[in-house]
Amino acid sequence: MRAPKLTYANVTASLALFVALGGTSYAVTQLPRNSVGSTQLKAGAVTSGKLAKGSVSADKLASGTVVTGPAGPRGPRGAEGPAGRDGATAVNSDVLIARRPNTVQWDTAGGSIVDGATLNLPAGSWLLDAIATINYEGATSSEWFTCSIQGPSTYASGTTRIGKGQEGVLSNVLPATGAVTLAAPADVTYRCGHPSAIDPPKPTVRDVVLRATRVASVSER
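So, here is what we can say about the structure in this document. (Residues numbered from 1 in each chain as written. Predicted model: local features only at pLDDT ≥ 70, side-chain atom pairs only at ≥ 80, totals over all residues. Heavy atoms only, no water.)

### Let's talk about unusual backbone geometry
(1) Moving on: A cis amide bond, omega 5°, links P200 with the succeeding residue P201.
(2) Moving on: Along the chain, P201 falls in the loop between β8 (186-193) and β9 (204-215).
(3) Moving on: Although it is not a glycine, D207 adopts a positive phi angle of roughly 50°.
(4) Moving on: Note on placement: D207 falls in strand β9. (Helix = DSSP H or I, 4+ residues; strand = E, 2+ residues; numbered from the N terminus.)

### Comments concerning the environment of T118
(1) Moving on: Relative to the helices and strands, T118 resides in strand β3 (residues 113-121).
(2) Moving on: For T118, the residues in contact, after removing those within four places along its chain, are A98, D187, V188, T189 and L210.
(3) Moving on: In terms of polar contacts, T118 uses its side chain to reach the side chain of T189, at 2.9 Å. (Contact = heavy atoms within 4.5 Å. Polar contact = N/O pair within 3.5 Å; in protein donor to acceptor, adjacent residues only side chain to side chain.)

### Some thoughts on the state of the cysteines
(1) Moving on: Following the criterion strictly, the structure yields one disulfide and no others.
(2) Moving on: Each sulfur of the disulfide joining C147 and C192 lies 1.9 Å from the other. With the S-S dihedral at roughly 110°, the linkage between C147 and C192 falls on the right-handed side. Taken together, the positions of C147 in strand β5 (residues 142-150) and C192 in strand β8 put the pair 45 residues apart, joining distant regions of the chain. You'll find C147 and C192 in the same group, each marked buried. (Disulfide = S-S within 2.5 Å. Buried < 20%, exposed > 50% of the residue type's maximum accessible area, 1.4 Å probe, protein only.)

### Structural notes on the packing of aromatic side chains
(1) Moving on: Scanning the model with the defined rule gives two aromatic pairs in all.
(2) Moving on: Both rings, one in W106 and one in F145, keep their centres 6.0 Å apart while their planes meet at 75°; by these two values the pair is edge-to-face. Taken together, the residues span a long stretch of sequence, with W106 in the loop between β2 (104-105) and β3 and F145 in strand β5 at a distance of 39 residues. Like F145, W106 is buried. (Phe/Tyr/Trp six-rings, centres within 6.5 Å; stacked < 30°, edge-to-face > 60°.)

### So, the nonpolar core
(1) Moving on: Core analysis: the largest hydrophobic core is formed by 32 residues, its most contacted members being L121, L128, I134, I149, Y190, C192 and V205.
(2) Moving on: Breaking this core down by element, the ones donating at least two residues are β3, β4 (124-135), β5, β6 (154-163), β7 (171-182), β8 and β9.
(3) Moving on: For this core, the leading source of residues is β4, giving five residues. (Core = buried A, V, L, I, M, F, W, Y, C linked by side-chain atoms within 4.5 Å.)

### A short note on the pattern of salt bridges
Should the charged atoms of two oppositely charged side chains come close, the side chains can pair.
(1) Moving on: Tallied over the full model, the rule gives five salt bridges.
(2) Moving on: The closest approach of N and O atoms between D94 and R214, which form a salt bridge, is 3.0 Å. Taken together, the positions of D94 in the loop between α1 (8-29) and β1 (95-100) and R214 in strand β9 put the pair 120 residues apart, joining distant regions of the chain.
(3) Moving on: On the basis of relative accessibility, which here comes to 33%, the residue D94 falls in the partly exposed class.
(4) Moving on: By relative accessible area, R214 is classed as buried at 18%.
(5) Moving on: Measuring nitrogen to oxygen at the nearest pair gives 3.0 Å for the salt bridge that ties R211 to D129. One end of the pair, R211, is in strand β9; the other, D129, is in strand β4, with 82 residues separating them in the sequence.
(6) Moving on: What makes D129 buried here is its relative accessible area of 18%. (Salt bridge = Lys/Arg side-chain N within 4 Å of Asp/Glu carboxyl O.)

### A few points about the pairing of β6
(1) Moving on: The pairing of β5 with β6 spans nine bridges and is classified as antiparallel. Each bridged residue has a counterpart across the sheet, and for I149 the counterpart in β6 is A156. (Pairing = 2+ DSSP bridges.)

### Looking at the sheet that holds β6
(1) Moving on: Here four strands make up an open sheet; going across it, the order is β3-β8-β5-β6 and the pairing antiparallel. Unpaired on one side and paired on the other, β3 and β6 mark the two borders of the sheet. Taking each pair of neighbouring strands and ignoring which way they run, the sheet shows an average axis angle of 15°.
(2) Moving on: Relative to β8, β3 is paired through eight bridges, and the arrangement is antiparallel. Each bridged residue has a counterpart across the sheet, and for L121 the counterpart in β8 is A186. (Axes fitted to C-alpha atoms, helices over the stretch in contact; angles between N-to-C directions.)

Structure representation (structure tokens):
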């Protein structure tokens, strides 16, 4: 078989096909300058790795974009602040209690006194409170009774009237509350009495409680 004869038409056709195919490749790899804009870029096409260092300034970044750089040198130490206030001095809150639950009688003579309960307190400041139940079944009248917290001096007292003449009030509770600062240890006693002679039967005191609570200080205002 003979080889096809090379003609002008054959050469022209082959050259046209070559130019057509080569032209497409040229269009892809050889883009004209400034021919690509934001419209031609796909979302996410430009990543941080494709940006040259220093190519984007901070004022071009969207609000909220975090920009970090190398830490700068440590600044000088600031002035020292004012000293804080001294805290309160700690105080051990001791609570001492003396009880006398049994019933104790005392005389009907004037000025008769019965000691209900006693505490020996160390030096320091103390809040004192006490209570006792007084009973008197006088035949014809009511009488005044007083219970007080006493030590080197009287710290607190309570007074009430008990007896048949007081509309049948034959028993009452006498509380007393006080405070003291002792320079040295001292006995503190809760005692009850009546100032004048009274009719029989003898009055009684029972359920006596004396309590002392250590505090930081005592001041009267």
